[in-house]
Amino acid sequence: MNILLELFVVTFRVLWAFVLAAAKWLVRPKEKSVAGQVCLITGAGSGLGRLFALEFARRRALLVLWDINTQSNEETAGMVRHIYREMAEAAAAAPRVAGDGEKDALPHCNLQVYTYTCDVGKRENVYSTAERVRKEVGEVSVLVNNAGVVSGHHLLECPDELIERTMMVNCHAHFWTTKAFLPKMLEMNHGHIVTVASSLGLFSTAGVEDYCASKFGAVGFHESLSHELKAAEKDGIKTTLVCPYLVDTGMFRGCRIRKEIEPFLPPLKPEYCVKQAMRAILTDQPMICTPRLMYMVTFMKSILPFEAVVCMYRFLGADKCMYPFIAQRKQATNNNEAKNGI
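- Looking at an unreviewed UniProt entry, one finds the protein named NADP-retinol dehydrogenase, with Bucco capensis as its source organism.
- Quoted verbatim from the Pathway (unreviewed entry) heading of the UniProt record, the comment on the protein is "Cofactor metabolism; retinol metabolism."

1. So, the packing of aromatic side chains
Each pair of aromatic rings is reported with the distance of its centres and the angle of its planes.
Okay, step 1: This structure, assessed with the given rule, holds 6 aromatic pairs.
Okay, step 2: Across the ring face of W176, the terminal group of R123 is positioned such that the distance to the ring centre comes to 5.5 Å.

2. Digging into the pairing of strand β5 (residues 191-196)
Okay, step 1: Across the 6 residues of β5, 6 count as buried, placing the element largely inside the fold.
Okay, step 2: With burial as the criterion, each face of β5 is covered, one bearing G191, I193 and T195 and the other bearing H192, V194 and V196.
Okay, step 3: Taking the sense of rotation as the criterion, the β-α-β connection linking strand β4 (residues 142-145), helix α5 (residues 160-188) and β5 turns out right-handed.
Okay, step 4: Here 6 bridges tie β5 to strand β6 (residues 237-244), and the two strands are oriented parallel to one another. Paired with T195 across the bridge in β6 is L241.
Okay, step 5: Between the parallel pair β5 and β6, the chain is carried across by helix α6 (residues 209-231), and the sense of this crossover is right-handed.

3. Section: the pattern of salt bridges
Okay, step 1: Applying the stated criterion to the full structure yields 13 salt bridges.
Okay, step 2: Note that E55 is salt-bridged to K275, the shortest N-O span being 3.2 Å. With E55 in helix α2 (residues 47-58) and K275 in helix α7 (residues 270-282), this pair connects stretches of sequence that are 220 residues apart.
Okay, step 3: Given the relative accessible area of 8%, E55 is considered buried.
Okay, step 4: A salt bridge links D119 to R165, with the nearest nitrogen and oxygen atoms 2.9 Å apart. With D119 in the loop between β3 (113-117) and α4 (123-136) and R165 in helix α5, the pair connects residues that are 46 residues apart, well separated along the chain.

4. Some remarks on a nonpolar patch on the surface
Okay, step 1: Together, F12, W16, V19 and L20 line one region of the surface with nonpolar side chains, adding up to about 410 Å² of accessible area.
Okay, step 2: Counting through the fold element by element, F12 comes out in helix α1 (residues 3-26).
Okay, step 3: By relative accessible area, F12 is classed as exposed at 51%.

5. Points about the sheet that holds β4
Okay, step 1: Spatial ordering of the open sheet is given by β3-β2-β1-β4-β5-β6-β7, a layout of 7 strands whose pairing is parallel. Of all strands in the sheet, those with a lone pairing partner are β3 and β7 (287-290), marking the two edges. Neighbour to neighbour, the strand axes of the sheet diverge by 15 degrees on average, direction disregarded.
Okay, step 2: Alignment of strand β1 (residues 38-42) against strand β2 (residues 62-67), held across 5 bridges, turns out to be parallel. Looking at β2, one finds that V38 is bridged to L62.
Okay, step 3: Strands in contact with α2 are β1, β2, β4 and β5; relative to β1, the strand with the most contacts, it is inclined by about 170 degrees.

Criteria and cut-off values
Residues numbered from 1 in each chain as written. Predicted model: local features only at pLDDT ≥ 70, side-chain atom pairs only at ≥ 80, totals over all residues. Heavy atoms only, no water. UniProt positions renumbered as here; feature names shortened; annotations may be inferred. Phe/Tyr/Trp six-rings, centres within 6.5 Å; stacked < 30°, edge-to-face > 60°. Lys NZ or Arg CZ within 6 Å of the ring centre and 35° of its normal. Buried < 20%, exposed > 50% of the residue type's maximum accessible area, 1.4 Å probe, protein only. Helix = DSSP H or I, 4+ residues; strand = E, 2+ residues; numbered from the N terminus. Right-handed = clockwise from strand over helix to strand, strands pointing away. Pairing = 2+ DSSP bridges. Salt bridge = Lys/Arg side-chain N within 4 Å of Asp/Glu carboxyl O. Patch = residues over 30% accessible without salt bridge, like charges linked within 9 Å, V, L, I, M, F, W, Y side chains within 5 Å. Areas by Shrake-Rupley, 256 points an atom, 1.4 Å probe, with all protein chains shown as cover. Axes fitted to C-alpha atoms, helices over the stretch in contact; angles between N-to-C directions. Contact = heavy atoms within 4.5 Å.

Below, the structure is given as structure tokens:
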């Protein structure tokens, strides 16, 4: 094809992509069904992972929950089973309410939840647990890479072991889980990979170098994987990148921006964050930033001079927003050491 003609076609497709994106903002796309599909969630024992599990359970997915904490993971499983029981009771009552022998409006699925204790920061643990999942449950259709940790130390005060741990759990684990479950997705040309990253994977702040590096790595991994799937023409495998602003899960307790600005940009409620992410996942949206202001911040960071970005950070109080959080973590560590020394 003549290069000028091809350039014209590419320009048209780019403009058409903008039109489709705008249309999705105006008209809410129909959500796809995940009923009966195997959904694996890492870090399911608490926080966003637990809420993701409950949301997928309400949509009749078959849940596989991974967490390093067995007790909290079982607590999440108990919540999921409660949702399954409620849906089963509602499905059983529906025909009696109708009174005309109608078929149950809800699709029949043998809904179950499986729990596995897994340290996703350890490669061999991930691969061995993945093999157990394939044998005991089946092939995974939806993979939600959610597990995450934060060290809470300034760079020069952070032990090397904690830096390595942060990178392993927040970034490297995405490689191991994806390598474990992607082959079957490629074979079937069906699946969905969700990367729960952070706004700190798009822009950074002081005091959390290891966390920002790990989330930037997760974002880079996700984007490259998405391009690889497109290059392989595996359009049946979808990807969604989730980049929320500070979420009120306690992970960054103490983090504060400028007090005059905070009422306009408070920490996100975990339930809101997950509901927005679920909407993006179920409509095959490639990326979701919450709140939407994060899109603008990311764009401005890309085009403004570095000194201009620094000025904005200082005005918002974002330049040292993590310092109170780090101070609290340091105080808690000192208190624990004092207790252990007694």
